[in-house]
Amino acid sequence: MASTNSASNPILCASFNQDNSCFVIGTKDGFRIFNLSTGRLLYERVIGAFVIVEMLFSSSLLAIVGAGEQASLSPRRLCLFNTETGTALRELNFLTSILAVRVNRKRLIVVLQGKTFIYDINSLVILDTIDTVPNSKGLCAFSPSLDGCFLALPASTTKGSVLVYNVMDLHSHCEIDAHRSPLAAIVFSSNGMYIATASEHGTIIRVHSVSDATKSYSFRRGTYPSTVFSLSFGPSIGLPDILVATSSSGSVHAFFLGLAIDQRSRRSSTLLGSMIPDSVGDALDAAHHHVLHNAVASGVKSNAVIRKVDKASDMPTSESTPCRATISIITYNGYFLEYVLNINHRNESSWSLDREFNLLTAISEGESNSS
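Residues numbered from 1 in each chain as written. Predicted model: local features only at pLDDT ≥ 70, side-chain atom pairs only at ≥ 80, totals over all residues. Heavy atoms only, no water.

A. Spatial organisation of the sheet that holds strand 11 (residues 115-120). With respect to topology, 4 strands assemble into an open sheet ordered 9-10-11-12, the strand pairing being antiparallel. Looking along the sheet, the strands with just one partner apiece sit at the ends: strand 9 (100-103) and strand 12 (126-131). The sheet shows a mean angle of 15° between the axes of neighbouring strands, taken without regard to direction. With 5 bridges joining them, strand 10 (residues 107-111) and strand 11 adopt antiparallel strand pairing. Across the sheet, valine 111 pairs through a bridge with threonine 116, a residue of strand 11. (Pairing = 2+ DSSP bridges. Helix = DSSP H or I, 4+ residues; strand = E, 2+ residues; numbered from the N terminus. Axes fitted to C-alpha atoms, helices over the stretch in contact; angles between N-to-C directions.)

B. How the structure looks around the sheet that holds strand 8 (residues 87-93). The antiparallel open sheet is built from 4 strands, whose spatial order is 5-6-7-8. The outermost strands of the open sheet, each flanked by one partner alone, are strand 5 (50-55) and strand 8. Strand-to-strand twist in this sheet, taken as the mean axis angle between neighbours without regard to direction, amounts to 20°. Examined bridge by bridge, strand 5 and strand 6 (residues 61-66) share 5 bridges and lie antiparallel to one another. Each bridged residue has a counterpart across the sheet, and for phenylalanine 50 the counterpart in strand 6 is glycine 66.

C. Examining unusual backbone geometry more closely. The phi dihedral of asparagine 20 falls on the positive side, at around 55°, and the residue is not glycine. The backbone of alanine 213 shows a phi angle near 60°, a positive value even though the residue is not glycine. Mapped onto the fold, alanine 213 is located in the loop between strand 19 (204-209) and strand 20 (214-220).

D. Representation of the environment of glycine 30. Assignment of secondary structure puts glycine 30 in the loop between strand 2 (22-27) and strand 3 (31-35). By relative accessible area, which is 2% here, glycine 30 ends up buried. Each C-alpha atom, one on glycine 30 and one on valine 51, is 9.6 Å from the other, the two residues being 21 residues apart in sequence. In contact with glycine 30, other than residues within four places in its own chain, are Ile25, Arg45, Val46, Ile47, Gly48 and Phe50. (Buried < 20%, exposed > 50% of the residue type's maximum accessible area, 1.4 Å probe, protein only. Contact = heavy atoms within 4.5 Å.)

So this is what it looks like as structure tokens:
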């Protein structure tokens, strides 16, 4: 795939649902929903350009926002759309363009440039309005977990501070000073216990514990600046094992948090190691960092998730790989790719491209069967 200018990319938005069972893309013609594990096209609607399409788990409810290329698809109008009936359930209109939307089973989040609205998703009653710093990119993160249901927003335009807000109890939880330069990417772990951030500089990725706002890990992505497009934690009920990042360099980076814990323990047992702060040691130690160069076209925006993580205890006893991660990537020039990362007992990594297909030419089973 050749490098493509972002302005000419056919995909306008792409997102995975909350349990990573499906993903959806918005294009200049409409939107398409795919099953993540099979790659099968589940639903398609050709009604115009969309810049935001968000799913609510695997339900028939979508939150969609048009690109404004036609009057009925204003970027200031949020439509809650039912894919089963093909009709709009409700519409919400705003004074300025909607920059991001997030949903879970209790809350609907709408991000504008200077305000963020929190709704009860069932009644659509406004529960709270947060005045924010100018957020022209609509940067935010939202935890789907109702036990740790947090929203993260930029708290500064000059440095990488994060406001963490409890959307169930409707109060500010904490503010985290994560970076010296403004934020470029934020993500929560699925349980809401951890938050990962990257700044516009893009060389360091940090992980904080949400409960006490303490810095848990710092990972060096690279030496040269790069725009981090996406961050994703692996699925976990506790501390996630893996954090994945994609960037404008075209590389995919995998950081192993569990390995960082083991290295901290060994490092603290030495005199010099005990004098080095954990966050500094983590950033300097590359043993828990595995990278695949040229995984996607450089300069093309991408969105990645860790679809699953298999450990030695989950695999056959003859398996020599203690950890295997399946990483799914959507590129905005129209492709889906899935890589498998294997880590052996010597912490050596191998990457393999398991699946690749064009998102724009895929057809549904019904269409293929009828042809």
